[in-house]
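Tertiary structure, described
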Amino acid sequence: MAKTEQRNGLELQGNTQKLTDSNGKSSSNGPDPEVNGSIPEETQVDKYGFTGGAQQSAGELAEEVPTAVLRQREAKWLEMLNSWDKWMAKKHNKVKERCQKGIPPSLRGRAWLYLTGAKVKREQNKGRFEDLDIQPGDPKWVDVIERDLHRQFPFHEMFAARGGHGQQDLFRVLKAYTLHRPEEGYCQAQAPVAAVLLMHMPAEDAFWVLVQICEKYLPGYYSTGLEAIQLDGEILYALLRRVSPVAHRHLKKHKLEPILYMTEWFMCAFSRTLPWSSVLRVWDMFLCEGVKILFRVGLVLLKCMLGTQEKVKSCQGLYETMELLKKIQPQYTREGFLVLEIIDLSVSEKDIEKEHQAQLRRWKESRGDLSCKSPPRMHGAKAIMAAEPPSRQELRQRPTIIVQSPLASKIEAPPEDEVKGSKKATKENGHTTILPPDGIINLGDPSPTFQHTTTQGSKESLSSAEHDTYL
């Protein structure tokens, strides 16, 4: 949160080693890596990078997409990303449908960057992250952030090493945000959100997506007083009356305030609540359609856990109900079940905004004006793009990996008139490589020219210049 004295209920006990030097700057030469969760090196890593803990993938909870289907989806997403403005303007429903099906893992980071408008934000603010990154930061926030680093997904291979590159990038992103919005500072719930982003993209991209989530999707969530999350809690409670009267009556009977059970759900976008396959599917839809997805997830879970008389009989009091909501039964969080329930639940942006206005009136009558004035909430990617229409230049993809084919030297360079227009030819060290428009290689239909190409991986922290390593 924006005050160290006021924590949001997500705090865990523990300490951490310093990742900064005496001037408060991030140090790449941190302490010797130390495994947070005491994970043996022999431990098997699941496909999401988890080596243990509650988030480790359970086979029966995740859906397996056939390889052929995945390749087709990748080709479709590459086509969309290459003409993003046209797709969002004329075929937004198709974009939404493809997000509901699940974004291909190889393109998820890039898709999130485009969906949130963070790609445009980054292009409009070139050098901004680098400027923030080299600043020492407010010692008050630096200290709080450092204490939280080792608590974020300690069983994920990216964040397991104390002082490793994952934790260093997480520190950089969170510190940069406190400098970008000094009036807001740091909230503990931002750390898991930033960590999820860093699992899919470089630090600079993660920073701008975090900015968009905090300012467009969930404005006011991470400000002093938690007023925005309290308002959304009341909205959730009011919508529950329509979705599940039984669950609503039970919570009302035991005077269980929404903020007691939904704070972590919404502020962390369910990243600490659901199995990982479900987290990713929820985020795909959330970043496309906006906060209504979080409301739908919350309503589905409450309905499933407390929606019948038989289910509420086992919860005779407030304590029992809280314990039940802390441990959602696996059958309700399974990817296939949860996604279908979310899509089928009829809760729209209009429903949320109508209830939001009603709750604002009640708030003013009982408590007066809000102390934190937040910008209007944007309901998803289409609303964000409509509010700030990007230029083609800002949406242009900029690959930075130069693909050199071992067969290129045996292929004659095409005439200049064939190179102009939709394709480009690059020459380097005698090799000629033909790139499609904007340098995008269609991975859905690899040609023999590219079959044996290898790229050199980086052992260091990823930068935005290495963006295309995620393809």
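Residues numbered from 1 in each chain as written. Predicted model: local features only at pLDDT ≥ 70, side-chain atom pairs only at ≥ 80, totals over all residues. Heavy atoms only, no water.

1. Some words on the overall build of the protein
Here is the rule: Here a helix means four or more residues in a row that DSSP labels H or I, a strand means two or more in a row labelled E, and each is numbered from the N terminus. Accessible area is worked out with a 1.4 Å probe on protein chains only. A residue is then buried under 20% of its type maximum, exposed over 50%, and partly exposed in between. Any pair of residues with heavy atoms lying within 4.5 Å of one another is described as a contacting pair. Surface accessibility follows the Shrake-Rupley procedure with a 1.4 Å probe radius. Residue values consider only the protein chains on display as shielding.
When helices and strands are counted, the protein shows 23 helices and two strands. Sorting the 471 residues of the protein into buried and exposed places 51% on the buried side. Contacts in the protein between residues far apart in sequence, at least 24 positions, make up 77% of those at least 6 positions apart. Here the protein has roughly 22400 Å² of accessible surface; of this, 50% comes from carbon and sulfur atoms.

2. A word on the side chain of R296
Note the following rule: Residues scored as charged are limited to Lys and Arg (positive) and Asp and Glu (negative), so that His and the chain ends carry no count. The term salt bridge refers to a pairing of a side-chain nitrogen on Lys or Arg with a carboxyl oxygen on Asp or Glu at a separation within 4 Å. A 3.5 Å cut-off defines polar contacts: any pair of N or O atoms within that distance qualifies, except that in protein one atom must be a possible hydrogen donor and the other a possible acceptor, and neighbouring residues in sequence count only when both atoms are side-chain atoms.
Tracing the sequence through the fold places R296 in helix α15 (residues 292-306). Notably, R296 is buried but unbridged: the nearest opposite-charge side chain belongs to E289, and the N-O separation is 4.5 Å. Here the side chain of R296 touches I342 through a polar contact of 3.2 Å, landing on its backbone oxygen. Apart from the residues lying within four places of it in its own chain, the contact partners of R296 are I342, I343, L345 and V347.

3. Looking at the confidence of the model for the protein
Our working definition: What pLDDT conveys is the predictor's confidence in a given residue, as a value from 0 to 100.
Residue-level pLDDT values for the protein average 80, and 74% of them are 70 or greater. In the model, residues 1-17 has pLDDT below 50 throughout and makes 57 contacts with residues more than four positions away in sequence or in other chains. In this model residues 408-413 is a low-confidence stretch, pLDDT under 50, and it forms six contacts with partners more than four residues away in sequence or in other chains.

4. Comments concerning the packing of aromatic side chains
Note the cut-off: Note on aromatic contacts: the rings of Phe and Tyr and the six-membered ring of Trp form a pair at centre separations within 6.5 Å, being stacked when their planes are under 30 degrees apart, edge-to-face when over 60 apart, and tilted otherwise.
Inspection of every chain in the model, using the stated rule, returns 15 aromatic pairs. For the pair F266 and F270, a centre-to-centre distance of 6.1 Å together with 50° between the ring planes defines the contact as tilted. With respect to burial, F266 and F270 carry one shared label: buried.

5. Quick notes on the environment of L197
For L197, the location among the structural elements is in helix α9 (residues 190-198). In the structure, L197 is positioned 13 residues away from L210 in sequence and 7.9 Å away in space, judged by C-alpha atoms. If we ignore the near neighbours within four places in the chain, the residues touching L197 are W112, A206, V209, L210, I213 and W283.

6. Observations concerning helix α17 (residues 318-326)
Using the following cut-off: By arc we mean the arc of the directions from the helix axis to the C-beta atoms, nothing more.
Here α17 has its buried residues at T321, M322, L324 and L325. Each buried residue of α17 lies within a common arc of 160° when the element is viewed along its axis, so the set occupies one face. Those residues of α17 that are exposed and aimed more than 90 degrees away from the buried face are Y319 and K326. Buried residues along α17 sit in contact with α12 (245-253), α13 (258-267) and α15.

7. Quick notes on helix α14 (residues 276-289)
We count it as follows: The span one expects for a helix is its residue count, reduced by one, times 1.5 Å.
For α14, with 14 residues, the first-to-last C-alpha span of 20 Å sits near the 20 Å given by 1.5 Å per residue. Along α14, 14 of the 14 residues are buried, which leaves the element largely enclosed by surrounding structure. G290 sits one or two residues past α14 and shows a positive phi near 95°.

8. A word on the pattern of salt bridges
Counting across every chain of the model gives 23 salt bridges. Here R172 makes a salt bridge to D169, at a shortest N to O gap of 2.8 Å. Within this pair, R172 and its partner D169 are both found in helix α8 (residues 165-180), separated by three residues, close to a single helical turn. Close ionic contact of K326 with E323 constitutes a salt bridge, the shortest N to O distance being 3.8 Å.

9. A short note on a positive patch on the surface
As a reminder of what qualifies: Only residues above 30% relative accessible area that lack a salt bridge enter a patch, with like-charged residues linked at up to 9 Å and the nonpolar side chains Val, Leu, Ile, Met, Phe, Trp and Tyr linked at up to 5 Å. Think of each charge as sitting on NZ of Lys, CZ of Arg, CG of Asp or CD of Glu.
A contiguous patch of positive charge on the surface is contributed by R241, K252, R361 and R362. In this fold, K252 is placed in helix α12.

10. Describing the environment of E97
Relative to the assigned elements, E97 resides in helix α3 (residues 92-101). When its relative accessible area of 32% is taken as the criterion, E97 is described as partly exposed. On a C-alpha basis, the gap between E97 and C288 in space is 9.8 Å, while along the polypeptide they are 191 residues apart.

11. Examining the packing of helix α4 (residues 108-115) against α14
To keep it simple, the criterion reads: Working convention: axes come from line fits to C-alpha atoms, limited for helices to the stretch in contact. Angles between N-to-C directions cover 0 to 180 degrees. Any angle between 65 and 115 degrees counts as roughly perpendicular, while under 35 counts as roughly parallel, over 145 as roughly antiparallel, and the rest as oblique. Working rule for handedness: look at the near helix, and if it is turned counterclockwise from the far one by less than a right angle, call the crossing left-handed; if clockwise, right-handed. Residue type decides the class: Asp, Glu, Lys and Arg count as charged, Ala, Val, Leu, Ile, Met, Phe, Trp, Tyr, Cys and Pro as nonpolar, and the leftover types, Gly among them, as polar.
Between α4 and α14, the least distance of the axes is 9 Å, while the angle of their chain directions is 25°. In terms of their interaxial angle, α4 and α14 are classed as roughly parallel. Read as a crossing pair, α4 and α14 show a hand that is left-handed. Taken together, the residues of α14 that come into contact with α4 (itself represented by R108, W112 and L115) are L280, W283, D284, L287 and C288. Tallied by class, residues from the contact of α4 with α14 come to six nonpolar, no polar and two charged.

12. Some details on the side chain of Q100
Inspection of the secondary structure assignment puts Q100 in helix α3. Q100 gets classed as buried once you look at its relative accessible area, which sits at 18%. Excluding its chain neighbours within four sequence positions, the residues that come into contact with Q100 are R281, M285, E289, V339 and I343.

13. With respect to the packing of α8 against α9
Between α8 and α9, the least distance of the axes is 10 Å, while the angle of their chain directions is 125°. Classified by the interaxial angle, the pair formed by α8 and α9 is oblique. The crossing of α8 and α9 is right-handed. Between α8 and α9, the contacting residues are G166, D169, L170, V173, L174 and Y177 on the first element and Q190, A191, A194, A195 and L198 on the second. Of the residues contributing to the contact of α8 with α9, the split by class is eight nonpolar, two polar and one charged.

14. A few points about unusual backbone geometry
We note that F153 has phi near 45°; this positive angle belongs to a residue other than glycine. Assignment of secondary structure puts F153 in the loop between α7 (139-148) and α8. Given a relative accessible area of 8%, F153 falls into the buried group.

15. Quick look at the state of the cysteines
Where two cysteines share a covalent bond between their sulfur atoms, that bond is called a disulfide. Stated precisely, the cut-off is as follows: Cysteine sulfur atoms are paired as a disulfide whenever they come within 2.5 Å of each other.
Applying the stated criterion across every chain yields a total of zero disulfides. Note on C187: no disulfide assigned, nearest cysteine sulfur contributed by C268 at a separation of 8.1 Å. A relative accessible area of 0% means that C187 is categorised as buried. Given a relative accessible area of 0%, C268 falls into the buried group.

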